[in-house]
Amino acid sequence: MTTLSTKPGQRFSLPDWHTNSNLISADAEHRRSASHQVRQDGRALRNETNNQAKWDERNNRTRLTDRITSVNRWKETLDKCLADIDAEITALTKVKETAERALQAKNLPLDVAIECLTFRESRCAIDVVRDNVEEELHKETKLIEKTKRELQQRVSEAFKQLCLLEEVRQQLSCDRRCKMEALEIDRVCLSLDVNSPNISFKVNPTRVPNGSTTLDEWEQNNQCNKERAEAAMKASMELREAILLTIAQTNNELEAQRVATNFALRKRIRDLEKAHDELKWQEKNTLEEIAEMEEDIQRLEKDLQRKMQDLKVAHTRLETRTYRPNMELCRDQVQYGLTNEVHQLEGMIRALQQKLAESQATLNALYRQLHRIQTDIGYKANSLVLDNKCMDSRRKLVVPAEKCLPEFHSFDRSVNRTLSPLQRGQLEVA
């Protein structure tokens, strides 16, 4: 009898088979559903990425356009600032040259004042007095020196301000060149598209370059440059006004001081003439008094000699009467009279001698006074000559200082500033 062969291995039940078929069908449907979802997601992604790329490109193109407009606006602002600074540099340079000419023009008044003081140093003795003229001349000298210091300070301030303006101008010029270069680059970027021949992949294009700044920093830098330029121009305009005001004030002060000095000098000359005439009158009267005093002294001497002779007579009478004999040697009225006469004569002689000594001392004093008057007349005459020389010297101040200045000066009291190579480089236009 033949036996039935059986396939070795596990045997599945019919439910298992149905279950497996159902699983396969379900899995297929799931896979098809997943594939459909992936396809739908892919289509959506393509639409989304295409739209995103287009809008991103459009937005960046708009941003580039806005950036170009913003940079160009700042460039135009810099152009205006540069034009204003150039005009301010020209104006300040002219005012500085005006101040230098005004400073140079102060040399003549200073020389005249010093010359007048030097003239007046030749006064003699009592005429070497610190009068109003000397005080006014010293005031004038100090005022001129003060004016020169102020003008020199203004010239120095103008020089420093010019250097600052040139520095600001160079900074603005550099910033303007950078903006023009940035405008050119952004215009090139704006012109690029997918069909441009010079586009390619770059290595790490999203890196942040060294030295990059933020937009706020860029705006702040632009605003700072503009404000610095405006501040420099404002300071320059104020300095120009201050320089012109200083020149006007110093000229007015010097003119007022010159008038005061001339007035004091003319008054001093009148006083000297009056004192000279008074001394001449005193000299005449003193000579007359000396002549009268000499005559009186001669009379006193004659009277004194006469009183001495009278005293000799009285002394002789008294001495002779001492030789009267015996009882005749009495103190009679003659004795009393002669004694009284001697006393009276001695008193007279003493009075005459005292008056003669007093008269002689007065005569000596008159001679000393005469010598003093004559000496003082010489002093006054010398002072008059010197002060008249001062007036002649000060007539040069009536002519405008510019006309008195020669075309070529052998010396110059004003400080001529020599620029260092660095400062000359700062003043060169970039």
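Residues numbered from 1 in each chain as written. Predicted model: local features only at pLDDT ≥ 70, side-chain atom pairs only at ≥ 80, totals over all residues. Heavy atoms only, no water.

- In the annotation of an unreviewed UniProt entry, the entry for the chain reads Tektin, and the organism field reads Crotophaga sulcirostris.
- The chain has a UniProt comment under Subcellular location (unreviewed entry) that states "Cytoplasm, Cytoskeleton, Cilium axoneme".
- You can read under Sequence similarities (unreviewed entry) in the UniProt record for the chain the words "Belongs to the tektin family." (UniProt positions renumbered as here; feature names shortened; annotations may be inferred.)

### Focus on the overall build of the chain
Inference 1: What the chain contains, in helices and strands, is 7 helices and 0 strands.
Inference 2: Rg of the C-alpha trace for the chain: 60 Å, well past the compact-globule value of 22 Å for 430 residues, more than 25% over.
Inference 3: With respect to the three principal axes, the spread of C-alpha positions in the chain is 245 × 60 × 30 Å.
Inference 4: For the chain, with 430 residues in total, the buried portion stands at 29%.
Inference 5: For the chain, contacts bridging at least 24 residues in sequence account for 91% of all contacts bridging at least 6.
Inference 6: Summed over all atoms, the accessible surface of the chain reaches about 29500 Å², with 54% contributed by carbon and sulfur.
Inference 7: For the chain, the distance from the average site of its 70 positive side-chain charges to the average site of its 70 negative ones is 5 Å. (Helix = DSSP H or I, 4+ residues; strand = E, 2+ residues; numbered from the N terminus. Rg over C-alpha atoms; globule rule 2.2 N^0.38 Å. Buried < 20%, exposed > 50% of the residue type's maximum accessible area, 1.4 Å probe, protein only. Contact = heavy atoms within 4.5 Å. Areas by Shrake-Rupley, 256 points an atom, 1.4 Å probe, with all protein chains shown as cover. Lys, Arg positive; Asp, Glu negative; His and termini not counted. Charge placed at Lys NZ, Arg CZ, Asp CG, Glu CD.)

### So, the packing of helix 1 (residues 14-105) against helix 3 (residues 132-191)
Inference 1: Where helix 1 contacts helix 3, the axes come no closer than 8 Å and their chain directions differ by 160°. It follows from the interaxial angle that helix 1 and helix 3 lie roughly antiparallel. Classified by chirality, the crossing of helix 3 by helix 1 is left-handed.
Inference 2: Classifying every residue of the contact of helix 1 with helix 3 by side-chain character gives 25 nonpolar, 6 polar and 16 charged. (Axes fitted to C-alpha atoms, helices over the stretch in contact; angles between N-to-C directions. Parallel < 35°, antiparallel > 145°, perpendicular 65-115°, else oblique. Left-handed = near helix turned anticlockwise from the far one by under 90°. Nonpolar A, V, L, I, M, F, W, Y, C, P; charged D, E, K, R; others polar.)

### Here's the deal with the confidence of the model for the chain
Inference 1: With 90% of its residues at a pLDDT of at least 70, the chain reaches an overall mean of 85.
Inference 2: Overall, residues 401-430 carries pLDDT values under 50, and its contacts beyond four positions in sequence, including any with other chains, amount to 42 contacts. (pLDDT = per-residue confidence, 0-100.)

### Description of unusual backbone geometry
Inference 1: Phi angles above zero are rare outside glycine, and Asn204 is one such case at about 50°.
Inference 2: Looking at where Asn204 falls in the secondary structure, it is placed in the loop between helix 3 and helix 4 (215-321).
Inference 3: The class of Asn204 is partly exposed, set by a relative accessible area of 45%.

### Some remarks on the packing of aromatic side chains
Inference 1: Across all of its chains, the model carries 0 aromatic pairs by this definition.
Inference 2: Positioned over the ring face of Trp218 is Arg67, at 3.8 Å from the centre of the ring.
Inference 3: Note that Lys389 overlies the ring of Phe119, its terminal NZ or CZ placed 5.8 Å from the centroid. (Phe/Tyr/Trp six-rings, centres within 6.5 Å; stacked < 30°, edge-to-face > 60°. Lys NZ or Arg CZ within 6 Å of the ring centre and 35° of its normal.)

### Describing the packing of helix 1 against helix 2 (residues 107-120)
Inference 1: It is at 4 Å that the axes of helix 1 and helix 2 come closest, and there the two elements cross at 15°. Our classification of the angle between helix 1 and helix 2 gives roughly parallel. Contacts between helix 1 and helix 2 involve Leu103, Gln104 and Ala105 from the former and Asn107, Leu108 and Pro109 from the latter.
Inference 2: Its residues placed into classes, the contact of helix 1 with helix 2 shows 4 nonpolar, 2 polar and no charged.

### Notes on the pattern of salt bridges
Should their charged atoms come close, side chains of opposite charge can pair.
Inference 1: Going through the model one piece at a time under the given rule, you end up with 32 salt bridges.
Inference 2: Notably, a salt bridge pairs Glu57 with Arg61, separated by 2.9 Å at the nearest N-O pair. Of the two residues, Glu57 and Arg61 both sit in helix 1, 4 residues apart, roughly one turn of that helix.
Inference 3: The network of salt bridges with shared partners includes Arg120, Arg123, Asp131, Glu134, Arg268 and Asp387. (Salt bridge = Lys/Arg side-chain N within 4 Å of Asp/Glu carboxyl O.)

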